[in-house]
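The lines below spell out each chain.
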Amino acid sequence: MYIVKKTVHVNKRKNIALVAHDFKKDELLNWTLKHKDILKNHNLMGTGTTATIISQHTGLEVEKFASGPLGGDQQLGAKISESLIDVLIFFWDPLETQPHDPDVKALLRISTLYNIAIANCETSADYIITSPMFSGEYDIEIIDNLANIENRAEQIKL
Ligand SMILES: O=C(CO)COP(=O)(O)O
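Note that the coordinates shown come from a computational prediction; the quantities given were computed from them, not determined experimentally.

## Brief notes about the side chain of Asp86
Thinking step 1. Structurally, Asp86 is set in the loop between helix 4 (72–81) and strand 5 (87–91).
Thinking step 2. There is no salt bridge for the buried Asp86, and the closest opposite charge comes from Lys14, which lies 6.4 Å off by N-O distance.
Thinking step 3. Of note is the side chain of Asp86, whose polar atom sits 2.8 Å from the backbone nitrogen of Asn15.
Thinking step 4. In contact with Asp86, other than residues within four places in its own chain, are Val10, Arg13, Lys14, Asn15, Ile116, Ala117 and Tyr138.

What follows is the structure, encoded as structure tokens:
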């Protein structure tokens, strides 16, 4: 499938989504405490319970969406498709089944499709936050929604 791409500029101040499954929330909280001095200079958001726990225990301002199982993962996915999230820190749990597994997969799929930085565990999150790219500006290549819609509309035989 031929895909038209476009360039999106990522600012120094990043939009960062924070998400963790229940048995991973302590790991993500510890990670945010460890990197609080860096994170305070960025726009933070997250699924409902994760965002609440992090803001309560770190004092960081974290915009709160719906809880993951109640649509929060999908809300974040929608933001990613609008290029409103630059980094996804998602400590998902490989040892537990989730009632909203399709939403979890959708969030991981859409963040990969839109070529944003994704960390799924502490080590990869450490790599991202200490990268020179994290503290600077850069451009990413992403799928060009509008151009692809036009192409598809032309190709579909009616
Ligand atoms: O379930 C989640 C991600 O899939 C996280 O949701 P909460 O932050 O509301 O627990």
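## Observations concerning the environment of Ile116
Thinking step 1. Mapping Ile116 onto the fold places it in the loop between helix 5 (101–113) and strand 6 (117–119).
Thinking step 2. Separated by 36 residues in the primary sequence, Ile116 and Arg152 have C-alpha atoms spaced 24 Å apart.
Thinking step 3. When residues no more than four places from it in sequence are discounted, the contact partners of Ile116 are Ile80, Ile85, Asp86, Val87, Leu88 and Ser111.

## Notes on the UniProt feature "binding site: substrate" (unreviewed entry) in the chain
Thinking step 1. Under the UniProt annotation, "binding site: substrate" (unreviewed entry) lies at His21, Lys25, Thr47, Gly48, Thr49, Thr50, Ser67, Gly68 and His100.
Thinking step 2. Along the chain, the position of His21 falls in the loop between strand 2 (15–20) and helix 1 (25–34).
Thinking step 3. Since its relative accessible area comes to 7%, His21 is described here as buried.
Thinking step 4. Setting aside anything within four residues of it in sequence, one finds His21 in contact with Phe90, Phe91, Trp92, Asp93, Gln98, His100 and Val104.
Thinking step 5. Assignment of secondary structure puts Thr49 in helix 3 (residues 48–58).
Thinking step 6. Excluding residues within four positions of it along the chain, Thr49 makes contact with Lys25 and Ser67.

Procedures and definitions
- Residues numbered from 1 in each chain as written.
- Predicted model: local features only at pLDDT ≥ 70, side-chain atom pairs only at ≥ 80, totals over all residues.
- Heavy atoms only, no water.
- Helix = DSSP H or I, 4+ residues; strand = E, 2+ residues; numbered from the N terminus.
- Buried < 20%, exposed > 50% of the residue type's maximum accessible area, 1.4 Å probe, protein only.
- Lys, Arg positive; Asp, Glu negative; His and termini not counted.
- Salt bridge = Lys/Arg side-chain N within 4 Å of Asp/Glu carboxyl O.
- Polar contact = N/O pair within 3.5 Å; in protein donor to acceptor, adjacent residues only side chain to side chain.
- Contact = heavy atoms within 4.5 Å.
- UniProt positions renumbered as here; feature names shortened; annotations may be inferred.

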